[in-house]
Amino acid sequence: MAEESLKPSPLLPTFARADLSFERGEGPWLFTDRGERYLDFGAGIAVNALGHAHPHLIEALEAQARKVWHVSNLFRIPEGEKLAQRLVDATFADTVFFANSGAEANEAAIKMARKYHAVNGQPERFRILTVEGAFHGRTLATLAAGGQQKYLEGFGPKADGFDQVPYGDHEALKAAITPETAAIMVEPIQAEGGVRAIPPQCLRGLRQLCDEHGMLLIFDEVQTGVGRTGKFFAYERAGVTPDIMSVAKGIGGGFPLGACLATREAGKGMTAGTHGTTFGGNPLAMAVGNAVLDVVLAPGFLENVERTGLKLKQRLAELKDRHPSVIEEIRGEGLLLGIRTRASNVEFAAAAREEHLLSIPAGDNVVRLLPPLIISDADVAEAFDRLDRACGRIERAAQKGAAA
Ligand SMILES: *Cc1c(COP(=O)(O)O)cnc(C)c1O
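Rules used in this analysis
Residues numbered from 1 in each chain as written. Predicted model: local features only at pLDDT ≥ 70, side-chain atom pairs only at ≥ 80, totals over all residues. Heavy atoms only, no water. UniProt positions renumbered as here; feature names shortened; annotations may be inferred. Helix = DSSP H or I, 4+ residues; strand = E, 2+ residues; numbered from the N terminus. Buried < 20%, exposed > 50% of the residue type's maximum accessible area, 1.4 Å probe, protein only. Contact = heavy atoms within 4.5 Å. Areas by Shrake-Rupley, 256 points an atom, 1.4 Å probe, with all protein chains shown as cover. Lys, Arg positive; Asp, Glu negative; His and termini not counted. Charge placed at Lys NZ, Arg CZ, Asp CG, Glu CD. Core = buried A, V, L, I, M, F, W, Y, C linked by side-chain atoms within 4.5 Å. Domains from an automatic or database assignment. Near = heavy atom within 4 Å. Polar contact = N/O pair within 3.5 Å; in protein donor to acceptor, adjacent residues only side chain to side chain. Nonpolar A, V, L, I, M, F, W, Y, C, P; charged D, E, K, R; others polar. 1 Å grid on protein atoms, 1.4 Å probe; cavity = no way out; pocket = protein on both sides within 12 Å on 5 of 7 lines; lining within 4 Å. Points joined across faces, edges and corners; volume = space filled by probe spheres on them. Pairing = 2+ DSSP bridges. Axes fitted to C-alpha atoms, helices over the stretch in contact; angles between N-to-C directions. Phe/Tyr/Trp six-rings, centres within 6.5 Å; stacked < 30°, edge-to-face > 60°. Lys NZ or Arg CZ within 6 Å of the ring centre and 35° of its normal.

Naming follows an unreviewed UniProt entry, where the protein appears as Acetylornithine aminotransferase of Alsobacter sp. KACC 23698. What the UniProt record of the protein gives under Subcellular location (unreviewed entry) is the line "Cytoplasm".

Next up, the structure:
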């Protein structure tokens, strides 16, 4: 361990990486180069929706790799038209733009909302309301949309056109609307922000506000989408639909893929030449995206995610009762769950890692559990045992600290 930390890495040190590397994976398990097994309840930050080495995804990627990898968007890509049609059929949307990441999907969403008002003869309507604690990506525009000072610091003036309102304050949101407001952009559940859900009635309230003011409603479902909450998309819980929605993470099952979905009306300004991408929607990504949907949209799959999510949430509530000095609150829907800890979330995630369970810290002192959507009841039981031991570790460390 000491030897390895001495070895310098050529990577730009923008991540505080754990000293672990994985050689292969299988379902919800990852195996290190030393042959140790970890239960992966982080899924590469909600990306490996079907776990590791899913046979159907491997087959789709291999088959496409033998045909054609990349042709650019100067030509028709049948796999992409098929994937877009399936997304349109299964959601509110009429049209889809493919990108490679969540931030790019959001960039497309932001540009689309601005263009919509411009082609309506109101180019001054370009500002977008977002919620404090949001996370929309790390590009200059999506950073400004997220509005988190710690991420904006040192990168020059914040991109104009984004106004933040406090989480959960409907009146402040109403007051922030001006004749320049183009759209409201929210995550139905703030994931990086600490698994903070916007209640369904509030999402309905946002829809109503947008309709009253001629604004567009943008849902960032980069993390909540593609089955993560037990629905195909989280907006289904609220019974309202957005005008524009960004998707990424789970939709590629580990292959980089993002998408911006929209109604025909919201997308009407995005004509030939208004936006572009070299890699977005390439045949490899499209083949994998279609394979992910084959599994996620198969009868019973989402119901099973919902059932497993409830089971896991119940077990976490039990864990909270067993360890009240460590766990304060359990949050979330489906398999996007958060443990608000009384320790530090980084310490909690480290203790879980000692027990060979991977989790992901988030804001608000929360640790996220984002397991692959294919986990079994046995995996839930295994996670419970490991988390139980991790809590024990934290309790013992606190007792030692108090005694010293
Ligand atoms: C991860 C995430 C993003 C950014 O996605 P990248 O692929 O890292 O660019 C945007 N919005 C939400 C809600 C996310 O969870």
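Chemist: So what exactly am I meant to see when it comes to the overall build of the protein here?
Modeler: In terms of helices and strands, the protein carries 13 helices and 17 strands. Its C-alpha atoms put the protein at 70 × 55 × 45 Å along the principal axes. Within the protein, buried positions represent 51% of all 404 residues. Look at the contacts in the protein between residues 6 or more apart in sequence, and 72% of them connect residues 24 or more apart. Counting only carbon and sulfur atoms, one obtains 54% of the accessible surface of the protein, whose full area is about 18400 Å². Across the protein, 44 positive and 51 negative side-chain charges occur, with their mean positions spaced 1 Å apart.

Chemist: Help me understand the nonpolar core, please; the structure alone is not making it clear to me.
Modeler: Soluble, globular proteins show a tendency: their nonpolar side chains are buried together. Leu87, Phe98, Ile184, Leu261, Leu316, Phe348 and Leu387 are the most contacted members of the largest nonpolar core, which has 80 residues in total. It is helix H10 (residues 283-296) that contributes the most residues to this core, eight residues altogether. Among the domains, domain 1 (2-54 + 300-403) and domain 2 (68-296) are the pair contributing at least three residues each to this core. Counting residues in each nonpolar core, the second largest holds 20 residues, with Ile110, Ala113, Ile128 and Leu216 among its members.

Chemist: Sorry if this is basic, but what is going on with the site of the ligand here?
Modeler: With respect to spatial proximity, the complete set of residues near the ligand consists of Ser101, Gly102, Ala103, Asn106, Phe135, His136, Gly137, Glu187, Asp220, Val222, Gln223 and Lys249. Gly102 has a polar backbone atom sitting 2.8 Å from an oxygen atom of the ligand. Protein contact buries 81% of the 380 Å² of open area that the ligand shows by itself. It is helix H5 (residues 102-119) that contributes the most residues to the shell around the ligand, three residues altogether. Of the residues belonging to the shell around the ligand, the class tally is three nonpolar, six polar and three charged.

Chemist: I'm lost on the layout of surface pockets in this one. Help?
Modeler: In this approach the atoms are scanned with a rolling probe the size of a water molecule, which exposes any empty space left behind. Quantified by volume, the second largest pocket comes out at close to 690 Å³. Asn73, Val96, Phe97, Phe98 and His275 are the residues nearest the centre of the second largest pocket, which is lined by 28 residues in total. Of all the elements in the fold, those that place two or more residues in the lining of the second largest pocket are helix H4 (78-90), strand S4 (95-99) and H5. Looking at the lining of the second largest pocket element by element, the count peaks at four residues for S4. Classifying every residue of the lining of the second largest pocket gives 13 nonpolar, 12 polar and three charged.

Chemist: Looking at this structure, I do not really get the UniProt feature "modified residue: N6-(pyridoxal phosphate)lysine" (unreviewed entry) in the protein. What am I missing?
Modeler: Taking the UniProt record as the reference, the feature "modified residue: N6-(pyridoxal phosphate)lysine" (unreviewed entry) is found at Lys249. Within the secondary structure, Lys249 is located in the loop between strand S11 (244-247) and strand S12 (258-262).

Chemist: Got a minute to help me understand the UniProt feature "binding site: pyridoxal 5'-phosphate" (unreviewed entry) in the protein in this structure?
Modeler: Under the feature "binding site: pyridoxal 5'-phosphate" (unreviewed entry), the UniProt entry names Gly102, Ala103, Phe135, Asp220, Glu221, Val222, Gln223 and Thr278. Judged by maximum C-alpha separation, these annotated positions cover 177 residues in sequence and are scattered in space, the widest gap reaching 25.1 Å. Within the element layout of this structure, Ala103 appears in helix H5. Once residues within four sequence positions are removed from consideration, Ala103 is found in contact with His136, Gly137, Arg138, Thr139 and Thr142. Looking at the element boundaries, Gln223 is found in the loop between strand S10 (216-220) and S11. Judged by its relative accessible area of 7%, Gln223 falls in the buried class.

Chemist: I'm lost on the sheet that holds strand S3 (residues 37-40) in this one. Help?
Modeler: Strand pairing within a sheet occurs via backbone hydrogen bonds; the two strands may be parallel or antiparallel. Reading across the sheet, the four strands line up as S1-S2-S3-S15 and stay open at both edges, with mixed pairing between neighbours. Edge strands, defined here as strands with exactly one partner in the open sheet, are strand S1 (22-26) and strand S15 (357-358). Docked against the sheet, helix H13 (residues 377-403) engages strand S2 (29-32), S3 and S15, running at close to 110° with respect to S3.

Chemist: Would you mind showing me how to read the packing of aromatic side chains here?
Modeler: What characterises a pair of aromatic rings is the spacing of the ring centres plus the angle enclosed by the ring planes. This structure, assessed with the given rule, holds five aromatic pairs. Taking the centre distance of 6.4 Å and the plane angle of 10° together, the rings of Phe233 and Tyr235 count as stacked. Pair check on accessibility: Phe233 and Tyr235 agree, each one buried. One aromatic cluster is present, formed by Phe92, Phe232, Phe233 and Tyr235 through successive ring pairs. Looking at Arg196, its charged tip hangs above the ring of Tyr167, at a distance of 3.9 Å from the centre.

Chemist: Before we go on, may I ask you to explain the side chain of Thr341 in this structure?
Modeler: For Thr341, the position within the fold is in strand S14 (residues 336-341). There is a polar contact of 2.9 Å between the side chain of Thr341 and the backbone oxygen of Val326. A polar contact is formed between the side chain of Thr341 and the backbone nitrogen of Ala343, at a distance of 2.9 Å. For Thr341, the residues in contact, after removing those within four places along its chain, are Val326, Ile327, Glu328, Phe348 and Asn365.

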